Amino acid sequence: MPGIILFGRRWGIGSDDFVFPVVAEIFLRSAWLIAISIVFHIHQNEPQNCSGGTLLQAYFIGALCLLCLTIILDMAIVYTSMQGSIMYPYPRKRMPRLLYVKISVSVPELGWIVLGTYWSFGLASGCEPSVVMTVKGAVLCGWAIVFLIIIGIFIVFDPLGGLRARRSQAQLGVLESSSQQQMFTTAHRTAMKTWERRCKVLCCCVSCDDQSHDAFTEIAKLLTDFFQNVELDLVATDIAAGLILVNREQEVSQLTVTTERTHESYGTVSQERISQYGPVTTGGQVSDTLTKGTKITQGCPNSSSSSATNNIPISESQHLPQPQDWMNIKNMSHYMKYAMASYGWPLFVFANLSLGLCKLCGECRCCACARESGEVHYDNCCQCHTAAIRKWTDVDDADLLYVSFYNKIYAIPFFVAVDRKEKSIVVSVRGTLSLRDALTDMSADCVCIEREGCADWKCHKGIYQAACYIRDELQDKHILEKAFQQNQGARLVITGHSLGAGAAALLAILLKPDYPDLICFTFSPPGGLLSLEASTCCSDYICSVVLGRDLIPRLGICSMEHLKTSILTAIRRCDRPKYQVIASGMWQAVCSLCPGDNGSSCGCRIDQPLLQETGSAYVTGQRNVEEAIESAIEQSEQCRITFPTMYPPGHVLHILEVDSEKSCCSSPTYFAEWKTPADFQEILVSPDMLTDHLPDNVWKALVQLSDKQFNPKPRHRTSSIPT
């Protein structure tokens with residue numbers, strides 16, 4: 001940081017971001033230089049004997065000179081980029097000049113590449129094949145570098161670069177106050193238009209109706225407010241380094257807490273480090289079970305989770321009822337298959353990479369679009385999605401009452417099936433699988449649930465509209481009425497994963513007055529879904545399942561603001577160069593694949609300090625840094641006022657991984673414990689926070705627990721109350 005300024009505009013790359021790409025370029029050019037040098041030395045007298053020999057000799061000499069000059073210049077760029085730290089860019093002040101020189105050298109180099117291309121592919125008759133192949137390889141390598149540079153320029157180009165450059169001048173006091181205010185207003189308006197245009201480009205196939213336009217505008221405003229209100233100039237790699245630092249801080253903080261490990265389920269007792277997920281509650285006793293990469297929320301030094309949840313009324317958390325009998329792992333693993341089936345053929349093939357396509361072939365129906373498809377709507381020509389539903393659930397065609405893969409903003413696919421084994425009518429809602437679904441996820445404003453007795457219940461706007469769409473489809477087409485007429489005594493079960501889990505929970509709330517005995521299983525539900533009162537009141541008929549460090553159940557506007565503040569604070573405290581931070585994160589990710597605790601058998605250590613206890617003593621622009629952090633904190637507090645704190649729905653079963661001695665290829669061992677929705681208010685940064693959200697991983701964990709007949713003990717009333 002900050003973003004480098006070239007040609008009068010700010011670019012989305014910092015002066016300390018050139019270490020890894022330029023080192024790769026040095027290796028590539030060095031190999032190029034060695035190959036050309038060897039060929040030129042061996043055949044230096046032969047160019048006169050072939051067509052265009054003089055031109056070839058000029059190419060060799062010019063290419064060698066340009067390569068030597070470029071490599072020396074690249075070394076200077078790497079050395080300069082390695083200086084200072086993230087918050088201390090002063091030692092890198094010469095970087096723009098070096099880049100200007102490199103651009104100047106690139107012009108004759110491009111000409112030499114064109115010259116080599118012209119000779120090797122047009123005038124190389126009668127020359128040694130080794131000479132021709134060397135020149136062809138050199139020019140192809142040169143064109144590859146040019147292509148990569150063009151892609152890199154496209155990636156780091158900032159549409160607001162001119163305004164950001166003037167904003168940097170404003171922060172330095174170069175502009176007058178009236179000009180500053182006008183510039184900030186223009187920047188905010190331009191940023192909104194830019195984000196709206198990006199959304200439209202990404203979703204170019206989305207119909208441009210009024211509903212889509214409103215969604216684009218709302219999402220653009222949300223993204224603009226989140227990314228533009230920080231007074232500190234950050235680039236993407238600064239945020240990546242900040243995430244690594246936050247992860248390191250969480251990992252180091254949990255290493256300071258040790259406790260006696262008592263694992264009642266596995267009958268082992270040992271002294272181990274406690275996980276960051278916190279103590280396991282088993283039958284009213286707290287058994288501190290070692291788990292993988294988790295964070296304790298009670299009594300943990302430097303833990304910010306307590307500050308994220310200390311505004312929750314303790315009395316409401318205490319009065320959350322105990323889980324019902326039907327909230328067992330056997331039912332969860334059974335209905336998880338219906339949630340996975342809603343994703344259609346992509347997830348089935350992903351979960352069965354070797355034989356997935358072969359297994360589906362027997363269930364597909366060729367040219368189904370040219371004949372009557374019954375109650376299957378908007379599937380592809382061979383009904384591959386419906387075939388995957390049958391494979392996942394083992395239901396007959398007659399038991400698939402309604403299947404719809406219609407997808408647009410606020411309208412998501414779902415299907416209705418009869419489960420003969422469990423005597424239930426299942427409504428399964430698909431999760432995020434398209435950009436339209438992502439836009440529904442990002443419409444994160446709060447709205448009230450329009451149902452009698454729920455006037456004060458707040459929920460996620462985009463997911464609520466998706467649930468209303470499914471409710472209207474079910475009611476307008478009398479799908480459930482027909483299903484219960486044909487299946488007397490059946491029970492309504494609603495399920496879904498991710499976005500589908502959120503829609504399933506809200507659909508259950510909307511349909512509860514008409515179907516009092518309905519139940520709902522939500523797998524990896526969104527965290528910013530329901531207000532605390534709504535989440536607590538629906539706990540008698542909604543059960544949620546969360547795996548490990550899954551990001552989505554912890555994701556919300558307030559938690560994102562809290563994470564932003566944590567990133568800024570961690571960056572301020574870091575006194576290491578950015579390349580060291582990123583290299584450390586990459587190495588730790590590699591070491592996480594090694595057997596043993598924290599990859600110790602690989603020689604990894606996660607307790608190497610990257611953060612100081614206080615801010616760096618030589619940070620330039622310290623006032624801007626402190627103002628940025630204060631602005632982020634104020635914005636986080638304002639967010640809690642503007643947006644109520646939101647939670648996942650109902651009872652939450654948290655599946656955790658036991659961190660035991662295992663090889664890289666062995667399957668993890670899981671256990672589970674009941675948590676309150678208030679326990680998922682802090683984003684835990686880890687590579688697992690994305691993989692733990694995958695539906696097949698959730699299903700595998702549930703199947704393992706079901707096979708072991710694992711029975712999570714009732715929650716102790718005071719163990720999960722945030723402090």
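The shown structure was predicted, so the numbers you read here are calculated from the model rather than taken from an experiment.

1. A short note on the overall build of the protein
Summing up its helical and strand segments, the protein has 24 helices and 19 strands in all. Across the 723 residues in the protein, those meeting the buried criterion constitute 54%. By sequence separation, contacts in the protein at least 24 residues apart represent 75% of the contacts at least 6 residues apart.

2. Quick look at the environment of D540
The topology assignment puts D540 in the loop between α19 (532–537) and β16 (542–547). The exposure class assigned to D540 is partly exposed, which follows from its relative accessible area of 37%. The spacing of D540 and C520 is 20 residues in sequence and 9.7 Å in space, taken between C-alpha atoms. Ignoring sequence-local partners within four residues, the contact set of D540 consists of Q324, W326 and M327.

3. Some points on the packing of helix α16 (residues 461–476) against helix α18 (residues 499–511)
Two numbers describe how α16 lies on α18: the axes approach to 8 Å, and their chain directions differ by 60°. Classified by the angle their axes make, α16 and α18 are oblique. As α16 packs across α18, the resulting crossing turns out to be right-handed. Mapping the contact onto sequence places I463, Y464, A467, C468, I470, R471, L474 and Q475 in α16 and L499, G502, A503, L506, L507, L510 and L511 in α18. The residue inventory of the contact of α16 with α18, partitioned by class, reads 12 nonpolar, 2 polar and 1 charged.

4. Observations concerning the pattern of salt bridges
Here the structure, examined in full by the defined rule, presents 17 salt bridges. Where D74 meets R29, a salt bridge forms, and the shortest distance between an N and an O atom there is 4.0 Å. Here D74, found in helix α2 (residues 53–81), pairs with R29, found in helix α1 (residues 19–42); they are 45 residues apart in sequence, far enough to count as distant. Assigned by exposure class, D74 and R29 land together as buried. In this structure, K102 and D74 form a salt bridge, with 2.9 Å as the shortest nitrogen-oxygen distance. Here K102, found in helix α3 (residues 95–122), pairs with D74, found in helix α2; they are 28 residues apart in sequence, far enough to count as distant. Each of D16, D17, R92, D238 and K578 takes part in one network of salt bridges that share partners.

Here is what the cut-offs are and how they apply
Residues numbered from 1 in each chain as written. Predicted model: local features only at pLDDT ≥ 70, side-chain atom pairs only at ≥ 80, totals over all residues. Heavy atoms only, no water. Helix = DSSP H or I, 4+ residues; strand = E, 2+ residues; numbered from the N terminus. Buried < 20%, exposed > 50% of the residue type's maximum accessible area, 1.4 Å probe, protein only. Contact = heavy atoms within 4.5 Å. Axes fitted to C-alpha atoms, helices over the stretch in contact; angles between N-to-C directions. Parallel < 35°, antiparallel > 145°, perpendicular 65-115°, else oblique. Left-handed = near helix turned anticlockwise from the far one by under 90°. Nonpolar A, V, L, I, M, F, W, Y, C, P; charged D, E, K, R; others polar. Salt bridge = Lys/Arg side-chain N within 4 Å of Asp/Glu carboxyl O.

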